[in-house]
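# Observations on chain architecture
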Amino acid sequence: MENVTIYHNPACGTSRNTLGLIRNAGIEPQVIEYLRTPPDRDTLLSLIAAMQVPVRDVVRAKEPLYADLGLAEAGDDTLLDAMLAHPVLINRPIVVTPMGTTLCRPSERVLDILPRPQQGAFAKEDGERVVDAAGNRIV
């Protein structure tokens, strides 16, 4: 069985679409609702390192709290502290598979790291077709 983890926010359409694509590959992932069970500092740093992105890329700048806390010019330690204190500032969904770790925005980015192919057609909640009936990605 493939070990796949999604840091998920069920209120987020992109996160729900990503989870749907994982399940469309026949994989039942470990689902971590990170707003209820936030990662600790070491886990968050490990995810960021695995994605090979700057800390700032994992901060949800569109969240009103980002501006309220004045994070636009903040350094990495301040951003990490803010994400740990306010998990809503962590961008989502982050998916971890044996093939890699990535922030799945847009949701179809998950297709690049899934260890199994899609099992059939998939359309996002808004109706956009992402995978055809043969399991092939629609470009």
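The structure reproduced in this document is the subject of the present report. (Residues numbered from 1 in each chain as written. Predicted model: local features only at pLDDT ≥ 70, side-chain atom pairs only at ≥ 80, totals over all residues. Heavy atoms only, no water.)

## Focus: the sheet that holds strand β4 (residues 100–103)
- On the basis of which strands lie adjacent, the open sheet formed by four strands has the order β2-β1-β3-β4 and mixed pairing. Two strands close off the open sheet at either side, each with one partner strand: β2 (30–33) and β4. The sheet shows a mean angle of 15° between the axes of neighbouring strands, direction not considered.
- In this sheet, β4 lies alongside strand β3 (residues 94–97) in antiparallel orientation, the contact comprising four bridges. Across the sheet, residue V96 finds its bridge partner in β4, namely T101.
- Contacting β1 (5–8), β3 and β4, helix α2 (residues 41–51) runs over the sheet at an angle of about 100° to β4. (Pairing = 2+ DSSP bridges. Helix = DSSP H or I, 4+ residues; strand = E, 2+ residues; numbered from the N terminus. Axes fitted to C-alpha atoms, helices over the stretch in contact; angles between N-to-C directions. Contact = heavy atoms within 4.5 Å.)

## Some words on the nonpolar core
- Counting residues in each nonpolar core, the largest one holds 21 residues, and the members touching the most others are I48, V58, L71, M83, I90 and I94.
- Contributions of two or more residues to this core are made by α2 and α4 (76–85).
- In terms of nonpolar packing, the next biggest core, distinct from the first, is built from 16 residues, V4, I6, L21 and V131 among them. (Core = buried A, V, L, I, M, F, W, Y, C linked by side-chain atoms within 4.5 Å. Buried < 20%, exposed > 50% of the residue type's maximum accessible area, 1.4 Å probe, protein only.)

## Observations regarding helix α1 (residues 13–24)
- For α1, which comprises twelve residues, the first-to-last C-alpha distance of 16 Å matches the rise-based estimate of 16 Å (1.5 Å per residue) to within 8%.
- Regarding α1, the residues found buried are S15, N17, T18, L19, G20, L21, I22 and N24.
- Buried residues along α1 sit in contact with β1, β2, β3, β5 (122–123) and β6 (129–131).
- G26 lies just past α1 and shows a positive phi near 80°. (Expected span 1.5 Å × (residues − 1).)

## What about the environment of V110?
- Within the secondary structure, V110 is located in the loop between β4 and β5.
- On the basis of relative accessibility, which here comes to 0%, the residue V110 falls in the buried class.
- It is 14 Å that separates the C-alpha atoms of V110 and E2, two residues lying 108 residues apart in sequence.
- Each residue touching V110, except ones within four places of it in the same chain, is listed here: T18, L21, I22, V95 and C104.

## Let's talk about the pattern of salt bridges
- Using the criterion set out here, one finds eight salt bridges in the structure.
- Linking E28 and R23 is a salt bridge whose minimum nitrogen-to-oxygen distance equals 2.9 Å.
- E28 sits in the partly exposed class, given a relative accessible area of 47%.
- R41 is the salt-bridge partner of D81, the closest N and O atoms lying 2.8 Å from each other. Here D81 is found in helix α4, whereas its partner R41 is found in helix α2, with 40 residues between them in sequence.
- Of the residues examined, R41 reaches a relative accessible area of 30% and is grouped as partly exposed.
- Three or more residues are tied together by salt bridges with common partners; here these are R41, D77 and D81. (Salt bridge = Lys/Arg side-chain N within 4 Å of Asp/Glu carboxyl O.)

## Let's talk about the side chain of H8
- As for its placement among the helices and strands, H8 is situated in strand β1.
- When residues no more than four places from it in sequence are discounted, the contact partners of H8 are S15, R16, L19, V31, I32, E33 and Y34.

## Topic: α2
- Within α2 the residues assigned to the buried category are L44, L47, I48 and M51. Viewed along the axis of α2, the buried residues span an arc of 95°, placing them on a single side of the element. The outward face of α2, more than 90 degrees from its buried face, is lined by the exposed residues D42 and A49.
- Along its buried surface, α2 packs onto β1, α4, β3 and β4.
- The N-terminus of α2 is capped by D40, whose side-chain oxygen sits 3.3 Å from the backbone nitrogen of D42.
- Count one or two residues on from α2 and you reach Q52, which has phi positive near 55°. (Arc of directions from axis to C-beta. Polar contact = N/O pair within 3.5 Å; in protein donor to acceptor, adjacent residues only side chain to side chain.)

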